[in-house]
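Report on the structure
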Amino acid sequence: TGKHWGYGKEDGPSIWHKNFPVAQGSRQSPIDIVPLQASHDSSLGPIVLNYDHCTSLNIYNNGHSVVVEFDDTDDRSVIQGGPLDNPYRLKQFHFHWGGKGCHGSEHTVAGNSYASELHLVHWDAIKYRSFGEAATASDGLAVLGIFLETGDDHRWLHTITDALYMVKYKASVTDFKGFNPKCLLPSSLHYWTYPGSLTTPPLHESVIWIVLKEPITVSEKQLGKFRMLLFSGEEEDQRIRMENNFRPPQPLKGRKVRSSN
Ligand SMILES: NS(=O)(=O)c1ccc(NC(=O)CN2C(=O)C=CC2=O)cc1
Ligand SMILES: [Zn+2]
């Protein structure tokens, strides 16, 4: 079955290369984005999100993060434009966060990290027949990264944080219908883009990353609710809080980060 990995001392990001050698590959994510070194590319158009007919299905704790899954059996919710040649279908979104008062984003900006990072995961269903097939292709996935900073309450995030008690333990799942993630977008869709990878095992180098420049604001209280989730399953005696589930920035290895206008 799948190889075990986590975010601890014994099974965390510095060990992943033992079971997943691509961890030391040439297009790993996340990275530190240095705005002044990003090349402005006027051929990069705006990204377009068509989420109006999206169908969220469930919310679940996969032992690494909390994930909201979507019905991706047709093109009802897609991202297109920007660096993408085709529309990419929304499959799921999830978060990465730190411990109390510590930052937990995966991408950093000029060495600065945010409190958390939201990933909306999409796949090219024009070119590939399944998510699994796209996940192993060099241009198969497009992940939209959105930074979360702490401040006032986020008006819509409570719909998610109110459901977290239902998925406290690893492998727990509950219905989560009618959620449209466009309520989690910042006002500007200006972005950086670069070729990268999944930020957790299997670390496939199959992701076109699109990272929004503008963060959204959530409250420390709302973020605290993510930290009541557990990495561990209900039957396990250890109750390990789900926090600091982020991979640190990886070497750029000559890649170019482009900036929309
Ligand atoms: N953090 S991230 O880069 O957005 C990130 C996003 C997704 C995954 N993993 C998956 O989607 C798991 N998965 C496969 O790899 C193939 C089928 C499948 O379900 C890992 C990381
Ligand atoms: Zn992620």
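Further up the page is the structure itself.
Residues numbered from 1 in each chain as written. Chains lettered and ligands numbered in written order. Predicted model: local features only at pLDDT ≥ 70, side-chain atom pairs only at ≥ 80, totals over all residues. Heavy atoms only, no water.

**A few points about the site of ligand 1**
By nearness alone, 13 residues border ligand 1, and H94, H96, F131, T199 and T200 come closest of all. One nitrogen or oxygen atom from the side chain of H94 is found 3.2 Å from a nitrogen atom belonging to ligand 1. A distance of 2.8 Å is found between a nitrogen atom of ligand 1 and a side-chain nitrogen or oxygen belonging to T199. With the chains in place, 75% of the 480 Å² that ligand 1 exposes on its own is no longer accessible. Those elements that place two or more of their residues in the shell around ligand 1 are β7 (88–97) and β9 (116–123). Ranked by residue count, the leading element in the shell around ligand 1 is β7, at 3 residues. (Near = heavy atom within 4 Å. Polar contact = N/O pair within 3.5 Å; in protein donor to acceptor, adjacent residues only side chain to side chain. Areas by Shrake-Rupley, 256 points an atom, 1.4 Å probe, with all protein chains shown as cover. Helix = DSSP H or I, 4+ residues; strand = E, 2+ residues; numbered from the N terminus.)

**Quick look at the pairing of β9**
Most of β9 is tucked away: 8 of the 8 residues are buried. Where burial is concerned, the two faces of β9 agree: the one with S116, L118, L120 and H122 and the one with E117, H119, V121 and W123 are both buried. Two strands pair when backbone bridges link them, and β9 and strand β10 (residues 141–150) are joined in this way by 8 bridges, in the antiparallel orientation. Paired with L120 across the strands is L144, a residue of β10. (Buried < 20%, exposed > 50% of the residue type's maximum accessible area, 1.4 Å probe, protein only. Pairing = 2+ DSSP bridges.)

**Digging into the coordination of the zinc ion (ligand 2)**
The coordination sphere of the zinc ion (ligand 2), as far as protein atoms go, consists of H94 (NE2), H96 (NE2) and H119 (ND1), spread over 2.0 Å. One can describe the site at the zinc ion (ligand 2) as tetrahedral: its 4 donor atoms subtend angles covering 99 to 116° at the metal. Sequence spacing of the donors to the zinc ion (ligand 2): H-x1-H-x22-H. Accessibility classification places H94 together with H96 in one group, the buried group. (Donors = N, O, S within 2.8 Å, 3.2 Å for Na, K, Ca; no water. Tetrahedral: all angles 85-135°; square planar, octahedral: opposite > 155°, others 65-115°.)

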